[in-house]
Amino acid sequence: MPLVSGVDVINECTSRGLVAGAFNTTNIETTMGIVAAIERTGVPTFIQVAPTNVALSGYEYIYDMVSRRLADTAVPVALHLDHGKSLESVEAALAADFTSIMIDASEEPYDENLRISAIAREMTPESLALEAELGSIGGKEDDHGPEEELSTDPAQVPDFVAAVRPDMLAVSVGNVHGYAPDARIDFDLLAQVRDASTAPLVIHGGSGLPTEQLGRLAEFNVVKVNVASDLRNAMIRTFGEAYVANPNEVSLIRVSKDAVAAITDVVERRILMLNPHVS
Ligand code: 13P
């Protein structure tokens, strides 16, 4: 089916009690791996790319690749701009027909974050989803950061959500970007943020979080969980192992297919960790 709006993915997940994974792509192997896992599980999903990873190809190229691969897929999928750090990146993703947008002005002081995020809301049609971030998520995401971690303040949530009207709110509650095996969600804080927010929540930094934490997120009105490092590492590891096994290896197609299979496994496992009742 054609790409759907992020609003449709949110609504379908909310009505079915599901949590959508949001998996970062960069290239054709990653896209193929993600979509194969989506087809296996049937769970509505976001495929996303941050401006730092668009540097290899361009927004239109990512749109063409993802939408072409999804044309004969029955599961609803939205194409999402991850960490749009500027209004220019929001504009570029909208021009390339992305169906879901993140504005991330979370490193700015509160008033400036609110002002920039509200402009992004005006730019993003109501039929498309907008994600904004309140509190700053630590760790290193692509070429950004490392960002200073600043937990989301539940007291700021009601006004921010009322002023920006995001379809989903990214929060900093112990989650960390990148390889962070010790990162843990503070569920007490997450519960306070949930109770303060009329918008469903987004957790970034899904790679480092343990299975039992991922499986509880639906109770906290979390609708989207971002995962990038795990699948990137699966691809790089596959190529590294192929080279170590045979430094004269030249079958790019064989190793690429192995990388797709490795990514599919990682993504499928993450989707099932987020949705333990789906088999
Ligand atoms: P991880 O790389 O830790 O999975 O985080 C990805 C992310 O949050 C993308 O926005």
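Provided above is the structure to which this section pertains.
What follows concerns the site of the ligand. In the vicinity of the ligand, 15 residues are found, and the nearest of them are Asp82, Gly205, Ser207, Ala228 and Ser229. In this structure, an oxygen atom belonging to the ligand sits 2.7 Å away from a side-chain N or O atom of Asp82. Across the complex, the protein chains shield 99% of the 310 Å² of accessible surface that the ligand would expose by itself. Going through the elements one at a time, strand E3 (77-84), strand E9 (176-177) and strand E11 (222-227) are the ones with two or more residues in the shell around the ligand.

Of all eight residues in E3, eight are buried, a share of seventy percent or more. With five bridges connecting them, strand E2 (residues 45-49) and E3 associate as parallel partners. Opposite Val49, over in E3, you have Leu81 as the bridge partner. The β-α-β motif built from E3, the intervening helix H5 (residues 87-95) and the parallel element strand E4 (residues 100-103) has right-handed crossover chirality.

Taken residue by residue, H5 has Ser89, Val90, Ala93 and Leu94 as its buried positions. The arc that holds every buried residue of H5, seen down its axis, measures 135°, which confines them to one face. Exposed positions of H5 whose direction lies more than 90 degrees from the buried face are Glu88, Glu91 and Ala95. Residues of H5 that are buried sit in contact with helix H3 (51-54), helix H4 (59-70), E3, E4 and helix H6 (110-123). With its phi angle positive at about 70°, Asp97 sits one or two positions after the end of H5.

If you walk around this closed barrel you meet the eight strands as E1-E2-E3-E4-E5-E8-E10-E11, and the pairing is parallel. For this sheet the average axis-to-axis angle between neighbouring strands, irrespective of direction, equals 25°. Two elements, E4 and strand E5 (residues 129-134), share four bridges in a ladder whose sense is parallel. Counterpart to Ile103 in the pairing with E5 is Ala132.

Evaluation of the coordinates by the stated rule reveals three aromatic pairs. Pairing Tyr59 with Phe98 gives two aromatic rings, centres 5.6 Å apart and planes at 70°, and the pair type is edge-to-face. Taken together, the residues span a long stretch of sequence, with Tyr59 in helix H4 and Phe98 in the loop between H5 and E4 at a distance of 39 residues. This pair shows no difference in class: Tyr59 is buried, exactly as Phe98 is. Summarising the aromatic geometry, the rings of Phe187 and Phe220 are spaced 5.0 Å apart at their centres and angled 40° between planes, so their arrangement reads as tilted. Separated by 33 residues along the polypeptide, Phe187 in helix H8 (residues 187-196) and Phe220 in the loop between helix H9 (211-214) and E11 bring together distant segments of the chain. The class of Phe220 is buried, set by a relative accessible area of 6%. Looking at Arg216, its charged tip hangs above the ring of Phe187, at a distance of 4.0 Å from the centre.

This next bit is on the nonpolar core. The biggest cluster of nonpolar side chains holds 89 residues, and the ones touching the most others in it are Phe98, Leu190, Ile203, Leu217 and Val222. For this core, the leading source of residues is helix H11 (residues 252-274), giving eight residues. Ignoring sequence-local partners within four residues, the contact set of Phe98 consists of Val49, Tyr59, Ile62, Tyr63, Leu79, His80, Leu81, Ala93 and Leu128.

Here we come to the packing of H5 against H6. When two helices pack together, their arrangement is given by the angle between the helix axes and by the axis-to-axis distance. Orientation of H5 relative to H6, taken along the N-to-C sense of each, is 15°, at an axis distance of 10 Å. Classified by the interaxial angle, the pair formed by H5 and H6 is roughly parallel. Along this stretch, H5 crosses H6, giving a crossing that reads as right-handed. Each of Leu87, Val90, Glu91 and Leu94 in H5 lies in contact with H6, whose residues at this interface are Ile116, Ile119, Ala120 and Met123.

What counts as what
Residues numbered from 1 in each chain as written. Predicted model: local features only at pLDDT ≥ 70, side-chain atom pairs only at ≥ 80, totals over all residues. Heavy atoms only, no water. Near = heavy atom within 4 Å. Polar contact = N/O pair within 3.5 Å; in protein donor to acceptor, adjacent residues only side chain to side chain. Areas by Shrake-Rupley, 256 points an atom, 1.4 Å probe, with all protein chains shown as cover. Helix = DSSP H or I, 4+ residues; strand = E, 2+ residues; numbered from the N terminus. Buried < 20%, exposed > 50% of the residue type's maximum accessible area, 1.4 Å probe, protein only. Pairing = 2+ DSSP bridges. Right-handed = clockwise from strand over helix to strand, strands pointing away. Arc of directions from axis to C-beta. Contact = heavy atoms within 4.5 Å. Axes fitted to C-alpha atoms, helices over the stretch in contact; angles between N-to-C directions. Phe/Tyr/Trp six-rings, centres within 6.5 Å; stacked < 30°, edge-to-face > 60°. Lys NZ or Arg CZ within 6 Å of the ring centre and 35° of its normal. Core = buried A, V, L, I, M, F, W, Y, C linked by side-chain atoms within 4.5 Å. Parallel < 35°, antiparallel > 145°, perpendicular 65-115°, else oblique. Left-handed = near helix turned anticlockwise from the far one by under 90°.

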